[in-house]
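Letter by letter, the chains look like this.
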Amino acid sequence: MQNTSDPRLFKSRFAICLVGLMLCTPSLSLGWGAGGHMMVASIAFSRLNPRAKAKAKELLAIPINPPGLASKSKDFVNAAHWADDLRPFAEFDSFKPLHFIDQPFSTDGTTLPTDLPEPDNIVKALEDNVNILKTSTDKNAQAQALRFIIHFVGDIHQPLHCATRVSSSNPEGDRGGNLVSIKIPGTNGQLKTTNLHSYWDGGIGKFPKTGANFAPPPLSRIGPAAALAIKGNPATNPDLKLDDPFNFNAWADESLALAKDVAYQGMKNGGRPSAAYNKKALKVARKRVAWGGYRLAALLNAVWP
């Protein structure tokens, strides 16, 4: 998740974009993993109005940089993991910080860092990319912005993409749980070590899994997983505020609260999630995927009414 690459490149490249020049490509870092991101996109795509659906299809057909990568994500659901597919391209490392917002909190009285959250973060990235969709006449820039929006709406709903726990052992924060080592059951029945952030990225081990070399799961697994996320999480919940589809700060604050109340609860370095923890965490993870899908659709429907 968190990386320390200089995020200022984001500003300069998007400034160039807004004056009509073509961008290269950005981004990196995980959030839900490909399976969770594809679930968000699947839920959203089914709720797009005809114009938004047509615009999305038009933009996703554009072959943007890096060459060949966009061809693997021409459909809306597969476009959801494009931003993470950039991880092997070092020239896009400066966009890694745009997948999260480090909102610090402490449970042991450790003084919070004054430089967090950094000004270039997922909230700013969503604002800028939405502005590109609304105002840019550059189709390549819009095609890139759409891919980022699909991905970042998923990321901002992952609680550990919006929080960093500050403590005496991690005075600068634990990078959204990346520095919290935990033990979980492995495929051979023995415990394996992972970190809290990755555990949540995978939907507490229940979301469709990526294959070798981060290959996304097949589309056939996404629909059933998305249906489980929707079950019990209707789009009629007034707390969704679907009539306010650009309130990214509110979404990040929701995730921060869930990180404090659920994701970090009882989780210490070297610990093992309990059955009760897993049950509650999975319920939250599925709800956040559903809400991410509903809100992504509302956002794009507002851009293209």
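From a predicted model like this one, the values you see are computed outputs, not experimental measurements.

Caption draft 1: Region of interest: the overall build of the protein. What the protein contains, in helices and strands, is 11 helices and 4 strands. In terms of overall dimensions, the protein is globule-like: its C-alpha atoms have a radius of gyration of 18 Å, near the 19 Å expected for 305 residues. The dimensions of the protein, computed from C-alpha atoms along their principal axes, are 50 × 40 × 40 Å. Out of the 305 residues in the protein, the part that is buried amounts to 54%. Taking as baseline every contact in the protein between residues at least 6 positions apart, the subset at least 24 positions apart corresponds to 77%. Of the accessible surface of the protein, which amounts to about 13000 Å², a share of 55% is contributed by carbon and sulfur atoms. Counting 35 positive and 25 negative side-chain charges, the protein places the centres of these two groups 10 Å from one another.

Caption draft 2: Spatial organisation of the environment of Y277. When you line up the elements, Y277 lands in helix 11 (residues 275-303). Spatially, the C-alpha atoms of Y277 and K134 are 42 Å apart, while their sequence positions differ by 143 residues.

Caption draft 3: The pairing of strand 3 (residues 181-185), seen in detail. Residues I182 and I184 point to one face of strand 3 and are all buried, whereas S181, K183 and P185, pointing to the other face, are not buried. Pairing geometry for strand 3 and strand 4 (residues 191-195), over 5 bridges, is antiparallel. Among the inter-strand pairings, S181 is bridged to a residue of strand 4, identified as N195. In sequence, strand 3 turns back onto strand 4 through a hairpin of 5 residues, with G189 there showing a positive phi of about 90°.

Caption draft 4: Spotlight on the packing of helix 6 (residues 122-135) against helix 10 (residues 248-263). Orientation of helix 6 relative to helix 10, taken along the N-to-C sense of each, is 150°, at an axis distance of 9 Å. On the basis of the axis angle, helix 6 is roughly antiparallel to helix 10. Note on packing geometry: the crossing formed by helix 6 with helix 10 is right-handed. Here V123, L126, E127 and V130 of helix 6 come into contact with helix 10, specifically with F248, N249 and A252.

Caption draft 5: View of helix 2 (residues 33-45). Here helix 2 contains 13 residues, and its C-alpha end-to-end distance of 18 Å stays within 8% of the 18 Å for a straight helix at 1.5 Å per residue. For helix 2, the buried fraction is high: 11 of the 13 residues fall into the buried class. Within helix 2, burial applies to G33, A34, G35, G36, H37, M38, M39, V40, A41, I43 and A44. Among the structural elements, helix 4 (76-79), helix 5 (82-85), helix 7 (139-156), helix 8 (196-201), helix 9 (219-230) and helix 11 are those in contact with the buried residues of helix 2.

Caption draft 6: The pattern of salt bridges, seen in detail. Tallied over the entire structure, the rule returns 7 salt bridges. For K139, the salt bridge identified is with E58, shortest N-O distance 3.4 Å. Residue K139 is found in helix 7, and its partner E58 is found in helix 3 (residues 50-60); the two are separated by 81 residues along the sequence. For K139, a relative accessible area of 34% gives the class partly exposed. Assessed through its relative accessible area of 38%, E58 is described here as partly exposed. A salt bridge links R165 to D174; the nearest nitrogen and oxygen atoms lie 3.9 Å apart.

The rules we used
- Residues numbered from 1 in each chain as written.
- Predicted model: local features only at pLDDT ≥ 70, side-chain atom pairs only at ≥ 80, totals over all residues.
- Heavy atoms only, no water.
- Helix = DSSP H or I, 4+ residues; strand = E, 2+ residues; numbered from the N terminus.
- Rg over C-alpha atoms; globule rule 2.2 N^0.38 Å.
- Buried < 20%, exposed > 50% of the residue type's maximum accessible area, 1.4 Å probe, protein only.
- Contact = heavy atoms within 4.5 Å.
- Areas by Shrake-Rupley, 256 points an atom, 1.4 Å probe, with all protein chains shown as cover.
- Lys, Arg positive; Asp, Glu negative; His and termini not counted.
- Charge placed at Lys NZ, Arg CZ, Asp CG, Glu CD.
- Pairing = 2+ DSSP bridges.
- Axes fitted to C-alpha atoms, helices over the stretch in contact; angles between N-to-C directions.
- Parallel < 35°, antiparallel > 145°, perpendicular 65-115°, else oblique.
- Left-handed = near helix turned anticlockwise from the far one by under 90°.
- Expected span 1.5 Å × (residues − 1).
- Salt bridge = Lys/Arg side-chain N within 4 Å of Asp/Glu carboxyl O.

Spatial relationships are all this shows, so hold off on functional conclusions.
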